[in-house]
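Survey of secondary and tertiary structure
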Amino acid sequence: MATRSTSTSSKTAPKATVKKPATKRAPKKAVIKKVAAKKTGTKVTAKKTGTKKVAAKKVTAKKAGAKKVTAKKATERPTAAKAAPKAAPTKAAAPKAAPAKRAPANKNADKAPAKERVLITGICGALGRMAAVKLHRRAQVIGVDHRGFADRPRDVEHHRLDLRRKSALALLKKKRPTTIIHLGVIRNPSKHKGNGSAYEINVEAMTRLIELSAAAGVKKFVFLSTSNLYGPNAKSGSFLTEDAPLHGADRSPEIRDLVALDMMTQSLFWKHPQIETVILRPVHIVGPTLRNAPSRFLRMDPMPTLMGFDPMLQLVHADDVIAAMLLALKPGMRGIYNIVGPGQLPLSRVVTARGKGSTPYPEPLLRMAAERSFRYGLSTYPPGELDHLKFSCLVDGTRAETELGYRPARTLEETVLAP
Amino acid sequence: MAISNRLWTLLKDWAIDHLDPEVAARIDAIPREHLNQYGVDPFGFDPEIVKLIAPVLMVLYRTYFRAEARGLENLPEGRCLLVSNHSGQLPFDGAMIGAACFLDAPKPRVLRSLVEFWSAELPFVSTFFNRAGQVVGTPAVARRLLEMDEALMVFPEGVRGLNKPFSERYKLQGFGNGFMRLAMSTGTPIVPVAVVGAEEQAPAVADIKPVAKMLGLPALPLVLPQILPLPLPVKYHIAMGAPMTFEGDGNEDDDFIAGHVRDVHRTIQHMLDEGRARRTSIF
């Protein structure tokens, strides 16, 4: 057998596909299985050379539980070691013979037992891009956004879709994602231009994604919510845990759709318990490439503040939020997690740390001005947001630390200076 | 705004330079382990602010109220829960207990107290309380402060004690059970404190509750002297008793807890009666 394999290597080289260096007839299936087991999963879009059955077996094995697949690997290692010297000369030929769309077969460095298919909505935003960059080597990333993603990494699939449409749902069902990371939420409603209100779009998109999760056998659903939903107010007290009620829409009705989205995602816990649902509620996210409200506010010079008020602020760097997201992808992680930064400090000290100035306005005056200009479309700043300049709303991040193992890597100073 | 900032900085520097060196030493000795690089603890307390408050407090404590404190050696290190009577319409008694613990106690400590949530709606007051270490009070916040080994001051009588009419003076009102459960579940010793003298600072002849309700205030006492929220210059006598530790985890029956609460109540009432008997004049 050994001699035959080396002699037929040249014969099989032109036949060699992306899949693997098939050496000979009799052990072909066995070798295919072994090498496929070494690789981190098989793609449905691979050339149809009879490996679909193996792929299907692998997928079902994955569904049964990640542990099973690793066990298979373990038992096959001694035989794989024998196959390696046989397959080595042909392996050298295989990558040259076919365009290497995935990591070559001899790279055993992937830690995940099988290759995930990760659907990222809102991939064109700053956080979506960062997530795609972190994930595209270890998983097949499928991006969905109503915007185009021209400068994406090569192995990221992008679909320019309106998630409200049933056609989008049909397309995504075919992709069979294993993981969904939902970042595609309109958080700045007045800036949004398009048909339909931000509320309608957000809720419809979430409904479609929930349908998709149920129908396509999704195993993990990660939703990026926000700690703003707790609502800064006088009564709540400090260091709110994940069980605190979401009062944010009380004084800021423009975020009632975000509250609805958080609740809809929570329904997955009981409606589809087989899906590992994770809701992340980060504090104010800031970063150099972000254009969200906290980042834009901190870039202002002078920053408007309310006279006589100096609330404590919690900030978190975008890199740390992405790190939390990656931790949430680990098998077994499910639940609601507050994601905090490296600490909290008063708004006045943020101002001095950034070397900016601040202009205090009397609260009744600024509130009236904000309400009028928002109502007449002169500004995109919802008046409810002024509460963030008045009240502290500190959240407790212990659960993410103990269960996810999340700790912010950036220091408080780096975070404050980030935007 | 730059001008007012510079004026404020000048004022602060002047105040700090003219601070009594002994007081400055006490402030510098405040433990700073919970402070981050921006000088605040997780709730926003900044010990440097004490340098600005200290002169004002000293005037009130030494000159205006001429407070005398006894038993301050009972103030422990580490976590403790100071339980005191509340009186006099205006919450100066809390400030004076805090001043005593900071200026006179052999082991000086800054007391943390829980403030009403409506103070967070007031400009300047809210920021001042926050920087001075006084936090909007919820049970979770109280627990967290004790777990940070801070000294927490509570008034279980609440507004009942603060707004009682003059005829009811020195009759300690009922205590709730919450503070006892908190102390037991966090293993915190309770330090009884009795303040004599505050009752007479703003004697109220009546409490106009209907008008108070209309204005959204907890109470509206008719105070003599009227008009200004300034107390009379009564003489404060602050007594601190030995710490009382109660074993248990705080989940016991109401009856069991109420028994311990009665012990504390009796102790403070006794200290009040003793203080009054010892007192020779109100002013």
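All of the points below concern the structure found in this document. (Residues numbered from 1 in each chain as written. Chains lettered and ligands numbered in written order. Predicted model: local features only at pLDDT ≥ 70, side-chain atom pairs only at ≥ 80, totals over all residues. Heavy atoms only, no water.)

1. Some words on the overall build of chain A
Which entries qualify depends on this criterion: Numbering goes from the N terminus for both helices and strands, where a helix is a DSSP run of H or I of at least four residues and a strand is a run of E of at least two. For the exposure calls, accessible area comes from a 1.4 Å probe over protein chains only, and a residue counts as buried if that area is under 20% of its type's maximum, exposed if over 50%, partly exposed in between. Throughout, a residue-residue contact means that at least one pair of heavy atoms, one from each residue, lies within 4.5 Å. Accessible surface is estimated by sampling points in the Shrake-Rupley manner with a 1.4 Å probe; for residues, cover comes only from the protein chains shown.
When helices and strands are counted, chain A shows 16 helices and twelve strands. Of all 419 residues assigned to chain A, the portion counted as buried reaches 53%. For chain A, restricting intrachain contacts to residue pairs at least 6 apart in sequence, the fraction spanning at least 24 positions comes to 72%. In the form shown here, chain A has an accessible surface area of approximately 19,900 Å², with 57% of it arising from carbon and sulfur atoms.

2. Section: the packing of helix α8 (residues 198-215) of chain A against helix α10 (residues 256-271) of chain A
Residue and element names in this part refer to chain A. Which entries qualify depends on this criterion: Each axis is a line fitted through C-alpha atoms, and for a helix only the stretch in contact is used; angles between axes span 0 to 180 degrees, taken between their N-to-C directions. Any angle that falls under 35 degrees is termed roughly parallel, while one over 145 is termed roughly antiparallel, one within 65 to 115 roughly perpendicular, and all others oblique. Gly is placed with the polar residues, together with every amino acid not listed as nonpolar (Ala, Val, Leu, Ile, Met, Phe, Trp, Tyr, Cys and Pro) or charged (Asp, Glu, Lys and Arg).
The interhelical angle for the contact between α8 and α10, taken along N-to-C directions, is 10°, at an axis separation of 9 Å. Viewed along their axes, α8 and α10 adopt a mutual orientation that is roughly parallel. Together, Ala198, Tyr199, Asn202, Val203, Met206, Thr207 and Ile210 of α8 and Arg256, Asp257, Leu258, Ala260, Leu261, Met264, Thr265 and Leu268 of α10 make up the contact between the two elements. When grouped by side-chain class, the residues that make up the contact of α8 with α10 number ten nonpolar, three polar and two charged.

3. Observations concerning the pairing of strand β5 (residues 220-224) of chain A
All names here are of chain A. Rules: DSSP-based pairing: two strands are paired if at least 2 bridges between them are found.
In terms of residue burial, β5 counts as a mostly covered element, since five of its five residues are buried. Pairing of strand β4 (residues 179-182) with β5 involves four bridges; the strand directions are parallel. Across the sheet, His182 pairs through a bridge with Phe223, a residue of β5. As defined by bridge partners, β5 adjoins strand β6 (residues 276-282) across five bridges and the pair is classed as parallel. Looking at β6, one finds that Lys220 is bridged to Glu276.

4. Re the sheet that holds strand β9 (residues 312-317) of chain A
Residue and element names in this part refer to chain A. Strand order across the open sheet formed by three strands is β7-β9-β11, with mixed pairing between neighbours. In the strand order of this sheet, the two ends are held by β7 (284-286) and β11 (344-346), each with one partner. For this sheet, the mean inter-axis angle between neighbouring strands, taken without regard to orientation, is 45°. Of the strand pairs in this sheet, β7 and β9 are connected by three bridges, and their pairing is parallel. From the neighbouring strand, Val286 faces β9, where its bridge partner is His317. Taken strand by strand, helix α12 (residues 318-328) contacts β7 and β9, and its axis lies near 65° from that of β9.

5. Some remarks on α10 of chain A
Put simply, the rule reads: The length a helix should cover is 1.5 Å for every residue beyond the first.
With 16 residues, α10 of chain A ought to run about 22 Å at 1.5 Å a step, and its terminal C-alpha atoms sit 22 Å apart, in line with that. Where the residues of α10 of chain A are buried, they touch α8, β5, α9 (248-251) and β6 of chain A.

6. Some points on the interface of chain B and chain A
Rules: In this description, buried area is defined as the sum, over both parts, of the accessible area (probe of 1.4 Å) that is lost when the two are combined. Whenever a carboxyl oxygen of Asp or Glu lies within 4 Å of a side-chain nitrogen of Lys or Arg, that contact is scored as a salt bridge. Polar contacts, as used here, are pairs of N or O atoms within 3.5 Å; protein pairs need one atom able to donate a hydrogen and one able to accept it. Residues neighboring in sequence count only if both atoms are side-chain atoms.
Counting from both sides, the interface comprises 25 residues of chain B and, opposite them, 26 residues of chain A. Here chain B packs against chain A, burying approximately 2,000 Å² in sum over the two surfaces, 57% of which is carbon and sulfur. With a shortest N-O distance of 2.4 Å, Arg144 of chain B and Asp396 of chain A are connected by a salt bridge. Here chain B and chain A share nine residue pairs in polar contact (both at pLDDT 80 or more) between them. Contributions of two or more residues to the side of chain B that touches chain A are made by α5 (125-131) and α6 (139-147) of chain B. Taken together, the residues of the side of chain B that touches chain A break down into twelve nonpolar, eight polar and five charged.

7. What about the side chain of Glu200 of chain B?
Residues and elements named next belong to chain B. Following the sequence through the fold, Glu200 ends up in the loop between β6 (190-196) and β7 (204-207). A polar side-chain atom of Glu200 sits 2.9 Å from a polar atom in the side chain of Tyr170. With residues up to four places along the chain from it excluded, the contact list for Glu200 reads Phe166, Arg169, Tyr170, Leu232, Val234, Arg279 and Ile282.

8. A word on empty space enclosed by the protein
Spelled out, the test is: Cavity: a set of points on a 1 Å grid over the protein atoms alone where a 1.4 Å probe fits but cannot get out. Pocket: an open set with protein on both sides within 12 Å along at least five of seven lines, its lining residues, like those of a cavity, having an atom within 4 Å of a point. Grid points are joined across faces, edges and corners, and a volume is the space filled by probe spheres set on the points.
In the structure shown here, the tally under the stated rule is seven cavities of 30 Å³ or more. Its volume calculated, the largest cavity comes out at about 320 Å³. Looking at the largest cavity, it is lined by 23 residues, and the ones nearest its centre are Phe391 and Ser392 of chain A together with Ala120, Asn130 and Val136 of chain B. Among the elements of the structure, α5 and β4 (135-136) of chain B are those that each provide at least two residues to the lining of the largest cavity. No other element matches α5 of chain B, which puts four residues into the lining of the largest cavity. Split into classes, the residues belonging to the lining of the largest cavity amount to eleven nonpolar, ten polar and two charged. Estimates place the volume of the second largest cavity at around 140 Å³. Around the second largest cavity, the lining comprises 13 residues; the ones closest to its centre are Asn228, His284, Gln314, His388 and Cys393 of chain A. Among the elements that take part in the lining of the second largest cavity, β9 of chain A stands out by supplying three residues, more than any other. Taken together, the residues of the lining of the second largest cavity sort by class into seven nonpolar, six polar and no charged.

9. A closer look at the state of the cysteines
Convention followed: Cysteine sulfur atoms are paired as a disulfide whenever they come within 2.5 Å of each other.
For the structure on display, the rule yields zero disulfides over all chains. In this model Cys80 of chain B remains outside any disulfide bridge; the closest cysteine sulfur is found in Cys101 of chain B, 7.8 Å from its own.

10. Observations concerning α12 of chain A
Taking burial as the measure, the eleven residues of α12 of chain A include eight buried ones, the bulk of the element. Here α12 of chain A has its buried residues at Ala318, Asp320, Val321, Ile322, Ala324, Met325, Leu327 and Ala328 of chain A.

Shape is all these values report; function is a separate question.
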